[in-house]
Amino acid sequence: MTFDPETAAFLIAGPVRIHPRVLRAMSFSSVNHRGDYFHQRVGEIREMLPMLFGAPGHQAILSGSGTAGLEATYSALLRPEDRVVVLSNGNFGERGDEIARRYSNHVTTVSAPWGHPAPLEAIAGALEQGPVRAFITVHNETSAGFANDLAAIAPLVRKSGALFLVDGISSVAGIPVHIHDWGIDGIVTGSQKGLAAPAGLALVHLSDRAFAELKPRTQYLDLAAHFKSLEKNDTPWTPAIPLFLALHEALLLLQEEGLENRLARTHAQAEAVRAAMDALGLELFAERRYASDTVSAVKIPEGMDEASVRKALLNTYNVEVQGGQGPYRGKIFRIGHMGIASWGDLLLCVAGLERILARTGRFASPGAGLAALSSRMP
Ligand code: PLP
């Protein structure tokens, strides 16, 4: 078999596979975005957002990828004179740091190597050095298959009085996010990950406090304007109409499955992939207790060429996984298992990997990876 993008087992770290119902929802004639049909769909989307975030709050939808949501949030809540603390331990932590530095002149970065937790003392130390306007962190580091322990970090942020702003782009609807218990003031997700909708929309949740303190500094990403329009099921500018229709259907699918069930399935699939990697003798990049449930980053064994492994998966088995980013290009590959990822796709991926390893003579237990994966299937 050769690679066919329409039928491939699509397991990159987002965008993810899109259900045909979602595809059909967006194959729709142009609709008047100021008319009743569209407003009704937007109204129904609005009603489903608390289900997505697992909490009620001030919630908005922006046309633009996840980064648009991050920039809308940080630009409206940070001012140049504000002290901001950013946790950076991966590609997207670095990106968050860059965005914060555009809007505040006093950013302190608490860094740890990609895929490693920062010591809590280092975070507490940075938060204790005078008043801090906001603490910014990525929840799930997609680049490293690693999840920051927000339950442990949250009390430090609360104690400091800083706004707690979270990049939840690859965690929302994939990994439990306890917005109220952790005191999160702002969290952003993207349509293309746990939600399993096409890329191109950002979804933002704000607490009452963050909402009250919004001072937008950009026109297109003016969050206050988005909230105001949304009260009337409207958008300030022409929205990405087909994507809104797709989002509506993706939220219905999530509602039908139930957020708790989606989180449980995502966790079960992550556990199964981790067990399969163990059985194949492949090592996870992140320490096991921080390993992400939405994306597994796997080290490529010494002497093997990472790009060739992915190429063989793609061209022989029609399975697409993703390479590493930045300094980890060629050193790790990443398997996404979020949204509507299927057991069938995961079985094919593990079977393909097993054959590729076997052909190099590195793996002498045929079927062990598949057995490990399938024994964790429901
Ligand atoms: N933050 C995280 C954790 C991500 O995984 C991504 C994308 O993969 C981004 C930010 C950037 O989002 P986007 O590419 O949708 O703008």
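These remarks concern the structure in this document. (Residues numbered from 1 in each chain as written. Predicted model: local features only at pLDDT ≥ 70, side-chain atom pairs only at ≥ 80, totals over all residues. Heavy atoms only, no water.)

Bringing the overall build of the protein into the picture now. Along the protein, the regular secondary structure elements total 14 helices and 14 strands. Taken over C-alpha atoms, the radius of gyration comes to 21 Å for the protein, in line with the 21 Å a tight globule of 378 residues would show. Once the C-alpha set of the protein is aligned to its principal axes, its extents read approximately 60 × 55 × 30 Å. Taking all 378 residues of the protein together, 58% fall into the buried category. For the protein, the accessible area works out to roughly 15200 Å², and carbon and sulfur atoms hold 53% of it. Once the 35 positive and 38 negative side-chain charges of the protein are each reduced to a mean point, those two points are 3 Å apart. (Helix = DSSP H or I, 4+ residues; strand = E, 2+ residues; numbered from the N terminus. Rg over C-alpha atoms; globule rule 2.2 N^0.38 Å. Buried < 20%, exposed > 50% of the residue type's maximum accessible area, 1.4 Å probe, protein only. Areas by Shrake-Rupley, 256 points an atom, 1.4 Å probe, with all protein chains shown as cover. Lys, Arg positive; Asp, Glu negative; His and termini not counted. Charge placed at Lys NZ, Arg CZ, Asp CG, Glu CD.)

What follows is about the environment of isoleucine 241. Position of isoleucine 241 among the secondary structure elements: in helix H10 (residues 241-257). By relative accessible area, which is 15% here, isoleucine 241 ends up buried. Isoleucine 241 sits 81 residues away from glutamine 322 along the chain, and the two C-alpha atoms are 29 Å apart. Apart from residues lying up to four places away in sequence, isoleucine 241 is in contact with Val31, His33 and Phe38. (Contact = heavy atoms within 4.5 Å.)

Attention shifts here to the nonpolar core. Judged by nonpolar contacts, the single largest core of 52 residues is most densely connected at Leu52, Ile61, Phe135 and Phe164. Beyond its immediate chain neighbours, meaning those up to four positions away, leucine 52 contacts Val172, Ala173, Thr189, Leu195, Leu203, Leu251, Leu254 and Leu259. In terms of nonpolar packing, the next biggest core, distinct from the first, is built from 30 residues, Ala272, Ala291, Val309 and Leu353 among them. (Core = buried A, V, L, I, M, F, W, Y, C linked by side-chain atoms within 4.5 Å.)

To continue, consider the site of the ligand. Around the ligand, the surrounding shell consists of Ser65, Gly66, Thr67, Phe92, Val138, Asn140, Thr142, Asp167, Ile169, Ser170, Gln192 and Lys193. Measuring from an oxygen atom of the ligand, one finds a side-chain N or O atom of serine 65 at 2.5 Å. Within the contact set of the ligand, an oxygen atom lies 2.4 Å away from a side-chain nitrogen or oxygen of threonine 142. A total of 390 Å² of accessible area belongs to the ligand in isolation, and the protein chains cover 86% of it. Of the residues that constitute the shell around the ligand, the class distribution is three nonpolar, seven polar and two charged. (Near = heavy atom within 4 Å. Polar contact = N/O pair within 3.5 Å; in protein donor to acceptor, adjacent residues only side chain to side chain. Nonpolar A, V, L, I, M, F, W, Y, C, P; charged D, E, K, R; others polar.)

Here we take up the sheet that holds strand S13 (residues 322-323). Here we have three strands laid out as an open sheet, ordered S11-S14-S13, and antiparallel in their pairing. The sheet is open, and its two edges are formed by strand S11 (295-299) and S13, each paired on a single side. Looking at chain direction, S13 and strand S14 (residues 332-336) are connected through two bridges and run antiparallel. Opposite glycine 323, over in S14, you have phenylalanine 333 as the bridge partner. (Pairing = 2+ DSSP bridges.)

Next up on the list: the pattern of salt bridges. Scanning the entire structure with this criterion turns up 18 salt bridges. Where glutamate 128 meets lysine 159, a salt bridge forms, and the shortest distance between an N and an O atom there is 4.0 Å. Of this pair, glutamate 128 sits in helix H5 (residues 120-128) while lysine 159 sits in helix H6 (residues 150-160), and the two are 31 residues apart along the sequence. The pair formed by glutamate 128 and lysine 159 is uniform in burial state, with each residue classed as exposed. (Salt bridge = Lys/Arg side-chain N within 4 Å of Asp/Glu carboxyl O.)

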